[in-house]
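Summary of structural features
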Amino acid sequence: MAAWTRRAAALALLTLGSSVTLACDGGPDADTPAERELVVFAASSLREVFGALGQAFTGSHPGVRVTFNFAGSQELRTQLELGASADVFASADEQQMETLARAGQVETPVLFARNELVLIVSTEARGLVTELAQLPNAARVVIGAPEVPVGRYTLELLDRAEGSLGPGFRARVLERVVSRELNVRQVLHKVSLGEAQAGLVYRTDALTAGGRVHLVSLTPELRVQARYPIARVSRGAQPELGRAFVALVRSSEGQRVLSAAGFLAEAGPDLPTEAP
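Residues numbered from 1 in each chain as written. Predicted model: local features only at pLDDT ≥ 70, side-chain atom pairs only at ≥ 80, totals over all residues. Heavy atoms only, no water.

Under the counting rule described, the total for this entry stands at 14 salt bridges. Here Arg65 ties to Glu35 by a salt bridge, and the two come within 2.2 Å at their closest N and O atoms. Separated by 30 residues along the polypeptide, Arg65 in strand E2 (residues 64-71) and Glu35 in the loop between helix H1 (2-25) and strand E1 (36-43) bring together distant segments of the chain. Judged by its relative accessible area of 52%, Glu35 falls in the exposed class. Two residues, Arg232 and Glu107, come together in a salt bridge whose shortest N-O distance is 2.9 Å. With Arg232 in strand E9 (residues 225-232) and Glu107 in the loop between helix H4 (94-102) and strand E4 (110-122), the pair connects residues that are 125 residues apart, well separated along the chain. The pair Arg232 / Glu107 is uniform in exposure class, with both members buried. One network of salt bridges, with partners in common, ties together Glu35, Glu37 and Arg65. (Salt bridge = Lys/Arg side-chain N within 4 Å of Asp/Glu carboxyl O. Helix = DSSP H or I, 4+ residues; strand = E, 2+ residues; numbered from the N terminus. Buried < 20%, exposed > 50% of the residue type's maximum accessible area, 1.4 Å probe, protein only.)

As structure tokens, then:
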């Protein structure tokens, strides 16, 4: 029994020694730099354009993986407040960003793009609603929830419309609302599938739907513009990469990509610039 115990102990020691050696050696990729991850939280309306910018960023930063979390700006703000890990936050409105900035959770925000609200109509209701004034004709309207940027912009639009389309217009529209969604893509989804006949989304989102929805532009006096700020998250694990991504978004290349997607460029001397 004693001899067996000594042999077992020796085998165990040999096995342990082999494990330690393999862990220290690291295998054939020991000299390969570890991949770095840049985590970007961005508003749902930025999905396609930030996906393209993410590819451009990884192309110029070998060994970097960009991970995106797309959701409603208010949802992303809440996640960050609760301790979620991210390096960059891009919002569809200034309110969500300002809340984080006041708490010191993001560096100085900078504006990088603008968007505008448009009316979209399902193929079924295309002849029923050809202008904003006819929106109450729709039996099923879907809009953003009031705490969501697109929902807040929608209520602002309806308030403006009271002046040109007559008192009670807002109430008549809200009577037709069948759901209030937590981000703009959910509004787009319901109209494109015909679950709702009409909804209000950003122009860039409407353009992604192709022929699945009909876009109705608004008259100049009723247009509501969204302003998009971006900032590095203060506690982000990759500060240099975070600042570099913000710089890319605001660069001439980034602005070209945004413009091609339907965003309005946001540039000017009044906008502070983060250090690259």
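This next bit is on the side chain of Asp87. Relative to the helices and strands, Asp87 resides in the loop between helix H3 (73-81) and strand E3 (88-90). Within the buried core, Asp87 has no salt-bridge partner, and the shortest N-O distance to an opposite charge, that of Arg232, equals 5.8 Å. A distance of 2.9 Å separates a polar side-chain atom of Asp87 from the backbone nitrogen of Ala237. (Lys, Arg positive; Asp, Glu negative; His and termini not counted. Polar contact = N/O pair within 3.5 Å; in protein donor to acceptor, adjacent residues only side chain to side chain.)

The predicted coordinates should not be examined in detail at positions where pLDDT is low. Averaged over all residues, the pLDDT of the protein chain is 86; the fraction at 70 or higher stands at 84%. The low-confidence segment residues 1-32 (pLDDT under 50) makes 2 contacts with residues lying over four places distant or belonging to another chain. Here residues 268-276 is modelled with pLDDT under 50, and outside its nearest four sequence neighbours on either side it reaches 17 contacts, counting other chains as well. (pLDDT = per-residue confidence, 0-100. Contact = heavy atoms within 4.5 Å.)

A few words on the packing of aromatic side chains. Any pair of aromatic rings gets described here by the distance separating the centres and the angle formed by the planes. All chains considered together, the criterion is met by 10 aromatic pairs. Taken together, a centroid distance of 5.6 Å and an interplanar angle of 75° make the contact between Phe50 and Phe245 edge-to-face. A residue pair is termed long-range when its members are at least 10 positions apart, and Phe50 in helix H2 (residues 47-60) and Phe245 in helix H9 (residues 239-250) qualify at 195 residues. Between Tyr228 and Phe263, the aromatic rings sit 5.4 Å apart at their centres with planes inclined by 90°, giving edge-to-face as the arrangement. Residue Tyr228 is located in strand E9, and its partner Phe263 is located in the loop between helix H10 (252-260) and strand E10 (264-265); the two are separated by 35 residues in the primary sequence. Since its relative accessible area comes to 4%, Phe263 is described here as buried. (Phe/Tyr/Trp six-rings, centres within 6.5 Å; stacked < 30°, edge-to-face > 60°.)

This paragraph deals with H2. The terminal C-alpha atoms of H2 lie 20 Å apart, and with 14 residues this matches the ideal 20 Å at 1.5 Å per residue to within 8%. Of all the positions in H2, only Val49, Phe50, Leu53, Gly54 and Phe57 are classed as buried. Down the axis of H2, the buried side of the element spans an arc of 140°, and every buried residue falls inside it. Of the exposed residues in H2, the ones pointing more than 90 degrees away from its buried face are Gln55 and Gly59. (Expected span 1.5 Å × (residues − 1). Arc of directions from axis to C-beta.)

This part covers the environment of Asp87. Owing to a relative accessible area of 3%, Asp87 belongs among the buried residues under this scheme. Separated by 155 residues in the primary sequence, Asp87 and Gly242 place their C-alpha atoms 5.4 Å from one another. Non-local contacts of Asp87, meaning those with residues more than four positions away in its chain, are made with Glu37, Leu38, Val39, Ala231, Arg232, Val233, Gly236, Ala237 and Gln238. Here Gln238 takes part through its backbone nitrogen, which lies 2.8 Å from a polar atom of the side chain of Asp87.

It is worth spelling out the packing of H3 against H4 at this point. Close contact between H3 and H4 brings their axes to 9 Å; oriented N to C, the two are set at 15°. In terms of orientation, H3 lies roughly parallel with respect to H4. Crossing handedness for the pair H3 and H4: right-handed. Mapping the contact onto sequence places Ser73, Gln74, Arg77, Leu80 and Glu81 in H3 and Gln96, Thr99 and Leu100 in H4. (Axes fitted to C-alpha atoms, helices over the stretch in contact; angles between N-to-C directions. Parallel < 35°, antiparallel > 145°, perpendicular 65-115°, else oblique. Left-handed = near helix turned anticlockwise from the far one by under 90°.)

If you roll a probe as big as a water molecule over the atoms, it shows you where there is empty space left. Per the stated rule, a full pass over the model turns up 1 cavity of 30 Å³ or more. Counted as a void, the largest cavity has a volume near 70 Å³. Surrounding the largest cavity, 13 residues form its lining, Ser73, Ala92, Val148, Val184 and Tyr202 being those nearest its centre. In terms of residue class, the lining of the largest cavity is built from 8 nonpolar, 5 polar and no charged. (1 Å grid on protein atoms, 1.4 Å probe; cavity = no way out; pocket = protein on both sides within 12 Å on 5 of 7 lines; lining within 4 Å. Points joined across faces, edges and corners; volume = space filled by probe spheres on them. Nonpolar A, V, L, I, M, F, W, Y, C, P; charged D, E, K, R; others polar.)

A separate point is the pairing of strand E5 (residues 141-144). Across 4 bridges, E5 lies against strand E6 (residues 177-181) in parallel orientation. Its bridge partner lying in E6, Val142 is registered against Ser179. With 2 bridges joining them, E5 and strand E7 (residues 198-202) adopt parallel strand pairing. Within E7, the position partnered with Val142 by the bridge is Gly199. (Pairing = 2+ DSSP bridges.)

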